[in-house]
Amino acid sequence: DQWPELKPSTPMGQLPILEMDGTMLCQSNSIARYVAKIAGLAGKTPLDQARVDMVMDGMVDMGNKFAYEIYYEKDEDKKAEKKKDFVEKYVTQFFSNMNKLASDGGYFVGDELTLADIAFYNMVTMVNPYLEQPLSLDGFPNLEKVVDNVTSNPGIAKWLKERPETPY
């Protein structure tokens, strides 16, 4: 209801936005990176931060592939076939690569939670409702540990338990 009035005042005419000290930021990953820096989740060194960005950019690739090849597909028969290919071919290779990037302790960067871990968890859980069966992390033990580390973080666990039900 308020969007038509708010839209012209946003930096790029779109959502999401975050306003901090009178400055509006937009773009999901820009906001996420900013918040991660404040929360100490961006990586400790410039190289750590670049590794966080690398994983996040991988999540963008996965999300774009899903969106453009599956989500926006109108033909249900084509969509079903594309979902199958996505899971059996793309995701298998993608998870194999990501599993190599994650440590056996379940972190993409260093030995503590970063935005990279959260971004991975977010992408997997965001895509799952649109598939016939959830993406499986079987055979990817480092990724299973990433998900465990994210969901066992006290603040995140509390949010997951109490958050409102939304379509995304």
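Residues numbered from 1 in each chain as written. Predicted model: local features only at pLDDT ≥ 70, side-chain atom pairs only at ≥ 80, totals over all residues. Heavy atoms only, no water.

Chemist: Break down the nonpolar core for me, with residues and values.
Modeler: Ranked by size, the top nonpolar core spans 37 residues in total, and within it Met 59, Met 62, Phe 86, Phe 95, Phe 108, Phe 120 and Leu 143 carry the most contacts. Those elements giving two or more residues to this core turn out to be helix H3 (46–71), helix H4 (76–101), helix H5 (115–127) and helix H6 (141–152). Sequence-distant contacts of Phe 108, that is, excluding residues within four places in its chain, are made with Arg 51, Val 55, Met 98, Leu 101, Ala 102, Ala 116, Asp 117, Phe 120, Leu 143 and Val 146. (Core = buried A, V, L, I, M, F, W, Y, C linked by side-chain atoms within 4.5 Å. Buried < 20%, exposed > 50% of the residue type's maximum accessible area, 1.4 Å probe, protein only. Helix = DSSP H or I, 4+ residues; strand = E, 2+ residues; numbered from the N terminus. Contact = heavy atoms within 4.5 Å.)

Chemist: Please set out unusual backbone geometry residue by residue, giving values where relevant.
Modeler: Backbone torsion omega between Leu 15 and Pro 16 reads 5 degrees, so that peptide bond is classified as cis. Structurally, Pro 16 is set in the loop between helix H1 (3–6) and strand E1 (17–20). Positive phi, normally seen in glycine, also occurs at Asp 21, with a value near 50 degrees. By the secondary structure assignment, Asp 21 is in the loop between E1 and strand E2 (23–26). Residue classification places Asp 21 among the exposed positions, given a relative accessible area of 78%. Even without being a glycine, Gln 27 presents a positive backbone phi close to 80 degrees. Along the chain, Gln 27 turns up in the loop between E2 and helix H2 (28–39). Residue Gln 27 is classed as partly exposed on the basis of its relative accessible area of 33%.

Chemist: Lay out a nonpolar patch on the surface with the relevant residues and their values.
Modeler: Together, Tyr 68, Tyr 71 and Tyr 72 make up a nonpolar patch on the protein surface, roughly 370 Å² of accessible area in all. Within the fold, Tyr 72 resides in the loop between H3 and H4. (Patch = residues over 30% accessible without salt bridge, like charges linked within 9 Å, V, L, I, M, F, W, Y side chains within 5 Å. Areas by Shrake-Rupley, 256 points an atom, 1.4 Å probe, with all protein chains shown as cover. Salt bridge = Lys/Arg side-chain N within 4 Å of Asp/Glu carboxyl O.)

Chemist: Explain the packing of aromatic side chains to me, and be specific about the residues and the numbers.
Modeler: For the structure on display, the rule yields 11 aromatic pairs. Consider the rings of Phe 94 and Phe 95, whose centres lie 6.4 Å apart with planes at 45 degrees: the pair is tilted. Residue Phe 94 is classed as buried on the basis of its relative accessible area of 10%. Owing to a relative accessible area of 0%, Phe 95 belongs among the buried residues under this scheme. Ring centres of Phe 95 and Phe 140 lie 5.7 Å apart, and the angle between their planes is 80 degrees; on these two criteria the pair is classed as edge-to-face. Of the two residues, Phe 95 sits in helix H4 while Phe 140 sits in the loop between H5 and H6, which places them 45 residues apart along the sequence. (Phe/Tyr/Trp six-rings, centres within 6.5 Å; stacked < 30°, edge-to-face > 60°.)

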